[in-house]
Amino acid sequence: MSMDWGMRNRLSRIFKSDGKTVMLAVDHGYFQGPTTRLENPRRTIEPLLPYADSIMLTRGVLRNCVDARADVPVVLRVSGGVSILKEDLSDEDITTSIEEAIRLNASALALSIFVGEHHEHRTLVNLARLVDEAERYGIPVLAVTAVGREMARDARYLALACRIAAELGARLVKTYYCENFEKVVDSCPVPLVIAGGKKIPERDALQLTYNAVRDGAAGVDMGRNIWQSDHPVAMIRAVRAIVHDNASVDEAWQIFNELKGKEEVVVKQ
Ligand code: 5RP
């Protein structure tokens, strides 16, 4: 697939000159509603924006909770249609048109695929269709893999889901870190970023970030482990140090502890 200037430009806004990225995920409300510490998205997002290489969110939160002058690339979530109340989270479709994405100046579009789940076929075909539309305008598509209740997130499964996403044309793939993650990276021909998953202690989340980058991830697309921390700014800056400055876990932990003392930024809702 050729890469025109617009495509390269958009990808270079997301991946910095070192080829790495810290994406801030705040799209959780699209199926979870007012997620803890994201009840008021503007309040959560604003202090973190200066440290995010891009922001992943829906059009509703973008329009209403992010200043249009913000100098941050937008990764627009365009899939949805199901809520946390349903058993089957895979029942998603495309919820935002390509025209809307262009109007909102999206740098990339994000859609979830559900490999091995009930609506696998629909979500995979939706990915392929979205890629067809987005590529027409030079917009990369990020495939979000492995969001599901019961999936064993091991290397075999994640490699399957990530490879399928890349084969269908995703320019970048979001997945989870796992044992033998190098195998997932090695068999996926496009950059992988990792989600953080449920909130864990800060040092463990820094270790997860470190392991993922060491094993070949191009960075993170992280949400809860940043903004559910009592010190979200310190946390995103510590994550950045690992992703962009090759910091060790000890160094990042030190950065976190120093910054949390100085910037008493506690997100209160
Ligand atoms: C949900 C998503 C989230 O953006 C993703 O899970 C990343 O957030 P977290 O780090 O909180 O897991 O795509 O479908």
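Here the structure is shown first, and the text comes after it.
Just so you know, these numbers come straight off a predicted model, no measurement behind them.

**Notes on the environment of Leu158**
Okay, so step 1: Examined against the element boundaries, Leu158 turns out to sit in helix α7 (residues 155-167).
Okay, so step 2: Taking the C-alpha atoms as reference, Leu158 lies 24 Å from Lys86; in sequence the two are 72 residues apart.
Okay, so step 3: Apart from the residues within four sequence positions on either side, Leu158 is in contact with Ala146, Arg153, Thr175, Tyr176, Cys178 and Val184.

**Here's the deal with the pairing of strand β7 (residues 141-144)**
Okay, so step 1: Here β7 shows a buried face lined by Val141 and Ala143 and a second buried face lined by Leu142 and Val144.
Okay, so step 2: With helix α6 (residues 120-136) bridging strand β6 (residues 108-112) and the parallel β7, this β-α-β connection has right-handed handedness.

**Topic: the pattern of salt bridges**
Close approach of charged atoms lets side chains of opposite charge pair.
Okay, so step 1: For the structure shown, the criterion picks out 16 salt bridges.
Okay, so step 2: The salt bridge involving Arg240 is made with Asp53; its shortest N-O contact spans 3.0 Å. Taken as a pair, Arg240 in helix α11 (residues 232-245) and Asp53 in the loop between α3 (41-45) and β2 (54-57) lie far apart in primary sequence, 187 residues in all.
Okay, so step 3: The residue Asp215 makes a salt bridge to Arg214 at a minimum N-O spacing of 2.9 Å.
Okay, so step 4: Each of Arg59, Arg63, Glu100 and Arg103 takes part in a single network of salt bridges with overlapping partners.

**Section: the site of the ligand**
Okay, so step 1: Within the structure, the ligand sits among 17 residues, and Asp27, His28, Lys174, Gly197 and Arg224 are positioned closest to it.
Okay, so step 2: Gly196 is positioned such that a nitrogen or oxygen atom in its backbone is 2.8 Å from an oxygen atom of the ligand.
Okay, so step 3: Residue Gly197 places a main-chain N or O atom 2.8 Å away from an oxygen atom belonging to the ligand.
Okay, so step 4: For the shell around the ligand, a count of residues per class yields eight nonpolar, four polar and five charged.

Cut-offs applied
- Residues numbered from 1 in each chain as written.
- Predicted model: local features only at pLDDT ≥ 70, side-chain atom pairs only at ≥ 80, totals over all residues.
- Heavy atoms only, no water.
- Helix = DSSP H or I, 4+ residues; strand = E, 2+ residues; numbered from the N terminus.
- Contact = heavy atoms within 4.5 Å.
- Buried < 20%, exposed > 50% of the residue type's maximum accessible area, 1.4 Å probe, protein only.
- Right-handed = clockwise from strand over helix to strand, strands pointing away.
- Salt bridge = Lys/Arg side-chain N within 4 Å of Asp/Glu carboxyl O.
- Near = heavy atom within 4 Å.
- Polar contact = N/O pair within 3.5 Å; in protein donor to acceptor, adjacent residues only side chain to side chain.
- Nonpolar A, V, L, I, M, F, W, Y, C, P; charged D, E, K, R; others polar.

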